[in-house]
Amino acid sequence: MRQQESSVGPQPEAAPSALSDLVVLDLADGKGLYCTRLLAGLGAEIIKLEPPGGDVTRSVGPFYHDTPDPEKSLYFWQYNVNKKGITLSLEQPEGVQLFRRLAAGADIVVETFQPGYLAGLGLSFPELHALNPRLILTSITGFGQTGPYSQYKATDLIGLAMGTQLNLCGFQDRAPVRTGASQGHHQASLHAAAATMVALFWRDLSGEGQHVDVSMQEAVAADLQWTMALYDLTGVIRNREGSRLSPCLDGYVRHNLGAGWDDLVEWMAGEGMAEDLAEPGYQEVTVRRAQQAHINEVLNSFLATHTKAEIYREAVARRLPICPSSTAAELAEDPHLNARSFFMPVEHPELGESFLYPGPPVRMTETPWVMERRPPHIGEHNQEVYCGRLGLAAEELRELQRRGVI
Amino acid sequence: MQGNLPLRDIRVADFTWIGAGPTCTRFLAFFGAEVIIIESHTRGGIRMGQPQAKGPTGSPNLSGFFNNLNSCKESITLNMRTPQGVDVARRLIGLSDIVVNNFSPGVMDRWGLGYDELVKVNPGVIMAEMPVAGRWGPHKRMIGYGATVEAFSGINEMTGYPDRPPTGTEINYPDYASNPYHLATALLSALHYRNQTGCGQYIEVAQLESTASVMETYVLDYTVNKRVQTRTGNHAAYASPHSVYRCQGEDRWVAIAVTSEEEWCGFQRALGEPEWTKDPRYATLQGRKEHEEELDRLVEGWTSARSPQEAMRLLQAQGVPAGMVQNMEDAMERDPHLAARGFYARLEHPEAGLTRYDGLVAKLSATPGRLRAPAPLLGEHNDYVFRELLGMSEDDVNQYILKQVIY
């Protein structure tokens with residue numbers, strides 16, 4: 001099929017991008033880095049603004065070969081691949097002036113400062129709007145621009161706590177535990193990216209930019225399945241439920257009974273381990289529901305005799321909803337994701353190496369995912385942006401650098 | 001008012017159900033897209049899901065789960081097991097900008113509604129599918145749910161305590177976060193591209209891939225350093241104290257994250273600078289990490305004498321990131337901040353009565369969108385869609401009802 005072919009492997013050089021007409025100024029920290037990362041993958045030109053000396057996220061590990069170095073933070077790499085980088089001090093009036101000039105020619109600004117910080121610099125949304133009526137300002141914060149907690153500070157952990165996802169995760173005999181890999185940050189960024197695209201669509205129609213206000217707390221609170229409705233309709237408060245994963249020979253797998261009962265029983269019976277589950281009574285969903293504990297016990301004993309790889313292979317072949325709990329190695333070496341070229345090589349010429357980054361979260365036939373440029377070094381694109389885009393003379397740039405503005 | 005609903009000219013033929021698809025199309029509906037969900041009495045299941053509001057016995061309109069995810073949409077009943085049903089669907093797609101489904105790969109193709117066919121009817125159409133593993137590749141036949149996708153992508157491996165089995169959220173997390181919002185972003189970027197070029201396209205969100213994309217450095221630390229990261233409870237390499245601490249009351253907790261030396265000073269002030277906070281071993285992040293277990297006990301000594309609200313308030317007053325671990329009742333009944341921002345909305349539903357709905361996360365200053373209607377009753381918009389939109393005669397509609405095409 002056409003769409004299959006066109007989304008496999010490297011794309012032709014000439015493939016267009018969905019957002020290739022956009023320039024985005026990126027002032028985001030962890031809460032918003034994935035938002036701009038997504039826009040970069042969709043083809044927007046992202047100019048990341050860092051304070052002179054580099055962004056604080058460059059100090060977040062892990063590091064390449066475990067060598068702490070602002071150019072070698074894998075955290076920075078993950079979120080800034082495909083972006084350009086410049087330095088600019090917003091603490092100095094000249095820096096603010098330069099920012100205004102950049103904003104005048106930009107389409108989107110994504111920022112994560114405490115509410116009021118930009119306004120204090122004369123860069124409030126109304127001021128930016130007066131400067132560039134088409135500009136979209138997306139603000140991603142812990143608690144949003146308004147309300148009694150708007151000045152509260154938040155990290156990923158705090159967002160998960162206040163958005164109630166933390167309460168849904170962990171063991172009864174211990175403290176609730178966060179969902180791993182910064183899911184609070186990712187939820188804030190995902191909601192912000194989608195909302196920024198709504199603002200973009202409106203701008204296509206009207207020519208008008210606007211201010212997009214995203215609260216991490218609300219992003220988390222909106223993503224909770226039926227937890228809200230359950231409380232609203234029944235008063236039942238969901239709580240953490242321990243681990244629902246099943247141990248196997250070399251780790252854990254997750255099953256979700258409900259589909260493929262006959263195929264599951266056939267597999268188990270084939271190895272003489274179905275016990276009584278092949279009996280016709282179990283054909284009734286109501287019986288299975290009533291016997292859930294027994295079924296889980298039989299199934300778990302069966303799974304415990306196999307490896308993750310065996311279970312995964314059989315589950316795919318038999319169309320059963322069972323997945324391995326993948327380690328990073330298993331995920332990165334997964335045959336299916338690799339056949340789909342999900343992991344995309346990015347060259348780091350200075351290190352003489354190329355590394356596999358997780359690739360397209362979405363596949364679009366006409367406007368394929370972009371993954372071309374390694375993350376920027378500190379100030380790497382200063383000359384291109386300040387001299388090329390803003391038309392500063394080389395001496396001016398040097399002078400601004402000398403004074404610590406750039 | 002016009003700007004209130006920026007997507008008002010966009011029509012979505014929505015074949016999705018359960019979690020991920022409806023969450024995505026709800027986002028579009030909030031901002032004014034006309035989302036028509038194609039349902040059928042033959043399709044069963046999800047509308048009967050828990051929790052149920054009080055109302056007419058056996059009604060398909062009472063599921064709080066369904067209703068919350070389908071506010072602001074329109075519902076028709078169309079039996080896709082009949083050729084006439086498929087034909088009507090094709091005509092509806094001809095009038096739509098976006099077609100979304102989360103069937104197994106191949107279902108739409110078997111109906112003759114694959115992208116290659118649809119583009120003949122509607123050249124600008126944007127079609128999106130969200131198969132678990134994608135529609136091609138060695139495991140394309142894989143089936144799964146949010147929970148199994150969560151496991152596959154590594155979230156479980158990264159969630160929980162090092163001395164306990166991996167755990168997870170039990171909310172099919174990917175269905176409400178990574179899958180729907182990646183897709184919404186992609187669909188809207190495709191609309192932007194169509195605004196420039198007139199071209200539609202086909203979009204695939206393979207759930208494994210969209211979720212494996214939000215794993216922070218899980219993959220890169222392996223592909224670069226060959227390190228296999230694992231769960232660390234509530235601890236973080238870059239911050240300390242960084243955990244969840246017991247408070248006064250039954251099962252009450254506060255999360256605290258001290259991420260800089262400035263915040264460590266604020267932390268000491270919030271506690272009234274007790275002697276132990278001056279212990280030189282705690283003066284640096286490295287020192288605090290090295291003595292973290294002991295430090296956590298001391299912190300908990302302070303928090304356990306306070307309510308989570310008080311601990312949060314005292315710490316935040318000194319600029320320290322802190323937040324109580326809220327449960328759903330806290331968030332909906334007691335959180336003054338969510339209340340002030342009007343996050344949860346109450347909507348009157350003809351059968352379920354006055355019930356609550358998730359509000360809009362993003363506040364857009366010029367085009368805020370609106371929770372303008374509760375979930376539709378099953379088939380509530382049959383008349384509008386079949387008669388007004390598709391221009392079917394009353395006779396044809398009645399015939400189709402008799403033949404269970406409209407069913």
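Residues numbered from 1 in each chain as written. Chains lettered and ligands numbered in written order. Predicted model: local features only at pLDDT ≥ 70, side-chain atom pairs only at ≥ 80, totals over all residues.

### Here's the deal with the sheet that holds strand 1 (residues 11-14) of chain B
Backbone-to-backbone hydrogen bonds pair the strands of a sheet. The strands run either parallel or antiparallel. To keep things clear, this is the line we draw: DSSP bridges decide pairing: two strands pair if at least two such bridges lie between them. Counting from the N terminus, the helices are DSSP H or I runs at least four residues long and the strands are E runs at least two residues long.
Spatially, seven strands are ordered 12(A)-6(B)-5(B)-4(B)-1(B)-2(B)-3(B) in an open sheet, and the strand pairing comes out mixed. Here the strands that pair on one side only, and so sit at the sheet edges, are strand 12 (363-364) of chain A together with strand 3 (74-77) of chain B. Two strands pair when backbone bridges link them, and strand 2 (residues 34-39) of chain B and strand 3 of chain B are joined in this way by four bridges, in the parallel orientation. When the sheet's bridge partners are listed, I36(B) is paired in strand 3 of chain B with E74(B).

### Remarks on the interface of chain B and chain A
In many reports, interface size means the accessible area that the parts give up when they come together. Inclusion rule: By the convention adopted here, residues make contact when the C-beta atoms placed from their backbones lie within 7 Å. Gly is placed with the polar residues, together with every amino acid not listed as nonpolar (Ala, Val, Leu, Ile, Met, Phe, Trp, Tyr, Cys and Pro) or charged (Asp, Glu, Lys and Arg).
At the interface, 132 residues of chain B touch 134 residues of chain A. When residues of the side of chain B that touches chain A are assigned to their parent elements, the largest contribution, 15 residues, is made by helix 7 (residues 178-197) of chain B. A breakdown of the residues in the side of chain B that touches chain A according to their chemical character gives 68 nonpolar, 46 polar and 18 charged. Inspection of the sheet shows strand 12 of chain A paired to strand 6 (residues 201-204) of chain B by two bridges, in the antiparallel sense. Bridged to R363(A) within strand 6 of chain B is E204(B).

### A look at the domain arrangement of chain B
The condition is simple: Annotation comment: domain bounds sourced from an automatic or database domain assignment.
One can read the domain layout of chain B as domain 1 (2-214 + 344-402) and domain 2 (242-330). Relative placement of domain 1 of chain B and domain 2 of chain B: their C-alpha centres are 42 Å apart.

### Let's talk about the pairing of strand 1 (residues 23-27) of chain A
Residue and element names in this part refer to chain A. Under the convention used in this document: Field definition: a residue is buried when 20 or more other C-beta atoms are found within 10 Å of its C-beta, exposed when 12 or fewer are, and partly exposed for counts in between, with C-beta atoms placed from the backbone. Handedness of a crossover is defined as follows: with both strands directed away from the viewer, a clockwise route from the first strand across the helix to the second makes it right-handed.
For strand 1, a buried count of four out of five residues is recorded, marking the element as mostly surrounded by other parts of the structure. When strand 1 meets strand 2 (residues 45-50), the two strands line up parallel, connected through four bridges. Among the inter-strand pairings, D26 is bridged to a residue of strand 2, identified as K48. A crossover links strand 1 with its parallel partner strand 2, the connecting element being helix 2 (residues 30-41), and its sense is right-handed. Of the pairings in the sheet, the one linking strand 1 to strand 4 (residues 108-111) comprises four bridges and is parallel in character. Residue L27 lies in a different strand from strand 4, and its bridge partner there is E111.

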